[in-house]
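# Reading the structure
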Amino acid sequence: VIIYGDLPKNKENVIYLSNHQCTVDWIIADMLAIRQNALGHVRYVLKDGLKWLPLYGWYFSQHGGVYVKRSAKFNEKEMREKLRAQMKAETPMYLVIFPEGTRYNPEIPKVIADSQSFAEKEGLAILKHVLTPRVKATHVAIDSMKDYLDAVYDVTVAYEGTVDHKGQRKLAPSMTEFLCKECPRVHIFIDRIELKDIPEEQMYMRRWLHERFEIKDKLLIEFYDAKDSKRRNKFPGKSVHSKLSLKKTLPSLLFLGGLTASMLLTESGRKLYVKTWIYGTLIGCLWVSIKP
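Residues numbered from 1 in each chain as written. Predicted model: local features only at pLDDT ≥ 70, side-chain atom pairs only at ≥ 80, totals over all residues. Heavy atoms only, no water.

## Some thoughts on the overall build of the protein
Helix and strand content of the protein: 9 helices and 8 strands. Since a compact globule built from 292 residues should have a radius of gyration of about 19 Å, the 20 Å found for the protein is in line with a globular shape. Considering only C-alpha atoms, the protein reaches an extent of 60 × 45 × 40 Å along its principal axes. By residue count, 44% of the 292 residues in the protein fall in the buried class. Considering only intrachain contacts with a sequence separation of at least 6, the fraction spanning at least 24 residues in the protein is 76%. Carbon and sulfur atoms make up 57% of the accessible area of the protein, which totals about 16500 Å². (Helix = DSSP H or I, 4+ residues; strand = E, 2+ residues; numbered from the N terminus. Rg over C-alpha atoms; globule rule 2.2 N^0.38 Å. Buried < 20%, exposed > 50% of the residue type's maximum accessible area, 1.4 Å probe, protein only. Contact = heavy atoms within 4.5 Å. Areas by Shrake-Rupley, 256 points an atom, 1.4 Å probe, with all protein chains shown as cover.)

Structural data, given as structure tokens:
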């Protein structure tokens, strides 16, 4: 894990804005949060369909995650109420938002072309390595929590090994590929932004957000397309190879691994494990359909 920019050592209440390429992006937020002793504070703004994930759909909702629908079906009131409830409960907030709304996938060029066409139509800069961001969720989150937040983290992520022999960008690693070292290094650029530097009105915030993604695009152009090969596979500026000590990761591994193993080693434990997934999923789906 190679970190660039300004990642505070202390935990903060933040909104985390990032480019989105694959499911590993969710874990990148955890990687940064654990370095600030804020791993349990991570919550996500998620597309609505994910609430039906077995067990996890219910868990994300109860942990303070927010499910949103795209475009005209976006429910601003519902999102504001969820965030206000979290603030009222004084819940620590490390709210992760992927403003592109979907993954950047070079194997689906139509999505990229449609995004670029929309930007051109709206008079916005056309972006190469990221999609045109959507502002609604970001605006609602910042506007609802502006007196609760310490900052906004603008995060740009790049995975090594995602360029083919012709220099064309490839699909970002899946979770399995990432965990099996198909991606040897992940580069993370963090820009900490004060709330006073972000416009409040949605129309101005939209322009600001697009400008932030223009900066991301320039960083990624440098990473993937720099003419000087020595400047590729890195972001500009100083970087730190960030390692975690065993004391931050080993206890949870031993606890969760031991709990799961002890259940699976006995017949009664295996039955309980299966029933937890089956009935937990059914109850969870019912719960989030009533109280998202």
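Text resumes after the structure shown.
## Examining the domain arrangement of the protein
Once the domains are mapped, the protein shows domain 1 (1-242) and domain 2 (244-291). Listed per partner, the contact involves 13 residues of domain 1 and 13 residues of domain 2. Counting each side, the surface lost to burial between domain 1 and domain 2 is near 1100 Å², with a carbon and sulfur contribution of 71%. Here domain 1 is connected to domain 2 by 0 salt bridges. In this structure, the connection of domain 1 to domain 2 is made through 2 residue pairs in polar contact (both at pLDDT 80 or more). The element that contributes the greatest number of residues to the side of domain 1 that touches domain 2 is helix α2 (residues 56-62), accounting for 5 residues. (Domains from an automatic or database assignment. Buried area = accessible area lost by both parts, 1.4 Å probe. Salt bridge = Lys/Arg side-chain N within 4 Å of Asp/Glu carboxyl O. Polar contact = N/O pair within 3.5 Å; in protein donor to acceptor, adjacent residues only side chain to side chain.)

## A short note on the side chain of N13
Within the fold, N13 resides in the loop between β1 (2-5) and β2 (14-18). Sequence-distant contacts of N13, that is, excluding residues within four places in its chain, are made with T91, P92, M93, Y148, L149, D150 and A151.

## Comments concerning the layout of surface pockets
A volume near 1800 Å³ is recorded for the largest pocket. For the largest pocket, the lining is made up of 41 residues, of which I27, D30, L39, S252 and L256 are closest to its centre. Those elements that place two or more of their residues in the lining of the largest pocket are α1 (24-34), β3 (42-47), α2, α6 (175-179), α8 (246-264) and α9 (267-290). Counting contributing residues, the lining of the largest pocket receives three or more from each of domain 1 (1-242) and domain 2 (244-291). (1 Å grid on protein atoms, 1.4 Å probe; cavity = no way out; pocket = protein on both sides within 12 Å on 5 of 7 lines; lining within 4 Å. Points joined across faces, edges and corners; volume = space filled by probe spheres on them.)

## Side note on the packing of aromatic side chains
Considering all chains together, one arrives at 14 aromatic pairs under this definition. Residues F223 and Y224 carry aromatic rings whose centres are separated by 5.0 Å and whose planes lie at 75° to one another, so their mutual orientation is edge-to-face. Residue F223 is classed as buried on the basis of its relative accessible area of 1%. One aromatic cluster in this structure is built from W26, Y44, Y56, Y59, F60 and W277. Between the NZ or CZ atom of K216 and the centre of the ring of F213, over which it lies, the distance is 5.3 Å. (Phe/Tyr/Trp six-rings, centres within 6.5 Å; stacked < 30°, edge-to-face > 60°. Lys NZ or Arg CZ within 6 Å of the ring centre and 35° of its normal.)

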